[in-house]
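The residues making up each chain are set out below.
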Amino acid sequence: MASVIIIAVLIVIFIFYGISIYNHLVNLKNNVARAWANIDVLLKQRHDEIPKLVETCKQYMGYEQGTFEQVMQARSGVYQASDAGDVKAVGVAESELRNGLGKLFALAEAYPDLHANDSFANLQQRISTLESSISDRREFYNDSVNLLNTRIEQFPHVLIARRFGFKSAEMLSFSQEQTRDVDLKSLFN
């Protein structure tokens, strides 16, 4: 009788341990989703600000059409990749947008009237703040992804993860080419 009770207690402990692992994996998966949602909100806020910045710049820099088009195309690419939840495509589109905005801000330096414009200054500050927030959220997202991916590969979590179909998530990363600084000298030549 005592051995039956011990076995029953061990089974109950094993079941509760499995439930605990499952709940932990669900929590990690939801943290990744929440982190992505936070990035998505900031991307959409920046998406809404960029046309205002471009329009303000157009009033002063009418002949810089190529730069405006590059920024708007990159903006569209980020929006489409974000809506599709394609982490790799967001990374590529983000880099293109960063380069386009860098060119736009660098070109704005050559226009003192534009640089003194309050609307431009406010928009530039707003976009810079959003860029910083996106960077912070990207770090949180990658931390969440790393925790999830590590857990679903560790024993005994791997047993529960495989059984219930937990999948690894993709890090939001950029190549060296995508993260290099904009060459300001080339913009003015």
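Residues numbered from 1 in each chain as written. Predicted model: local features only at pLDDT ≥ 70, side-chain atom pairs only at ≥ 80, totals over all residues. Heavy atoms only, no water.

**A closer look at the nonpolar core**
Leu53, Leu101 and Tyr141 are the most contacted members of the largest nonpolar core, which totals 39 residues. Sorting the residues of this core by element identifies helix 1 (2-58), helix 2 (65-84), helix 3 (87-108), helix 5 (118-153) and helix 6 (157-163) as the ones contributing at least two each. Per-element tally for this core: the top contributor is helix 1, with 13 residues. (Core = buried A, V, L, I, M, F, W, Y, C linked by side-chain atoms within 4.5 Å. Buried < 20%, exposed > 50% of the residue type's maximum accessible area, 1.4 Å probe, protein only. Helix = DSSP H or I, 4+ residues; strand = E, 2+ residues; numbered from the N terminus.)

**Let's talk about a nonpolar patch on the surface**
A surface patch of nonpolar side chains, amounting to about 720 Å² of accessible area, comprises Ile7, Ile11, Val12, Phe14, Ile15, Phe16 and Ile19. Secondary-structure assignment places phenylalanine 16 in helix 1. (Patch = residues over 30% accessible without salt bridge, like charges linked within 9 Å, V, L, I, M, F, W, Y side chains within 5 Å. Areas by Shrake-Rupley, 256 points an atom, 1.4 Å probe, with all protein chains shown as cover. Salt bridge = Lys/Arg side-chain N within 4 Å of Asp/Glu carboxyl O.)

**Looking at the packing of aromatic side chains**
For any pair of aromatic rings, the description consists of the separation of the ring centres together with the inter-plane angle of the planes. Scanning the entire structure with this criterion turns up 3 aromatic pairs. When the centroid spacing of 4.9 Å and the interplanar angle of 65° are considered together, the rings of tyrosine 22 and phenylalanine 164 count as edge-to-face. With a gap of 142 residues between them, tyrosine 22 in helix 1 and phenylalanine 164 in the loop between helix 6 and helix 7 (176-179) connect regions that are remote in the sequence. On the basis of relative accessible area, tyrosine 22 is assigned to the partly exposed category, the value being 31%. Geometrically, the ring pair formed by tyrosine 22 and phenylalanine 166 is edge-to-face, given 5.7 Å between the ring centres and 70° between the ring planes. With tyrosine 22 in helix 1 and phenylalanine 166 in the loop between helix 6 and helix 7, this residue pair connects regions lying 144 residues apart in the sequence. Taken together, Tyr22, Phe164 and Phe166 form an aromatic cluster joined through their ring pairs. Arginine 163 extends its terminal NZ or CZ atom over the ring of phenylalanine 164, reaching a point 6.0 Å from the ring centre. (Phe/Tyr/Trp six-rings, centres within 6.5 Å; stacked < 30°, edge-to-face > 60°. Lys NZ or Arg CZ within 6 Å of the ring centre and 35° of its normal.)

**So, the pattern of salt bridges**
Under the defined criterion, the tally for this structure stands at 3 salt bridges. A salt bridge links aspartate 40 to lysine 44; the shortest N-O distance between them is 3.1 Å. One end of the pair, aspartate 40, and the other, lysine 44, are both in helix 1, 4 residues apart, so they sit about a helical turn from each other. A relative accessible area of 14% places aspartate 40 in the buried class.

**Re the side chain of asparagine 149**
As for its placement among the helices and strands, asparagine 149 is situated in helix 5. For asparagine 149, the contacting residues outside a window of four places in its chain are Ser168 and Ala169. (Contact = heavy atoms within 4.5 Å.)

**So, the environment of arginine 75**
Relative to the helices and strands, arginine 75 resides in helix 2. Separated by 22 residues in the primary sequence, arginine 75 and leucine 97 place their C-alpha atoms 6.1 Å from one another. Among all residues touching arginine 75, those that are not within four sequence positions of it are His47, Ile50, Pro51 and Leu97. Side-chain polar atoms of arginine 75 contact the backbone oxygen of histidine 47, separated by 2.7 Å. (Polar contact = N/O pair within 3.5 Å; in protein donor to acceptor, adjacent residues only side chain to side chain.)

**A short note on unusual backbone geometry**
Trans peptide bonds make up most of the peptide bonds, and negative phi angles are found at most residues other than glycine. For the bond from phenylalanine 155 to proline 156, the omega torsion is 5°, close enough to zero to count as cis. Turning to its location among the elements, proline 156 is positioned in the loop between helix 5 and helix 6.

**Side note on the side chain of histidine 157**
Along the chain, histidine 157 turns up in helix 6. The contact partners of histidine 157, leaving out residues within four places of it in the chain, are Ile21, His24, Leu25 and Arg151.

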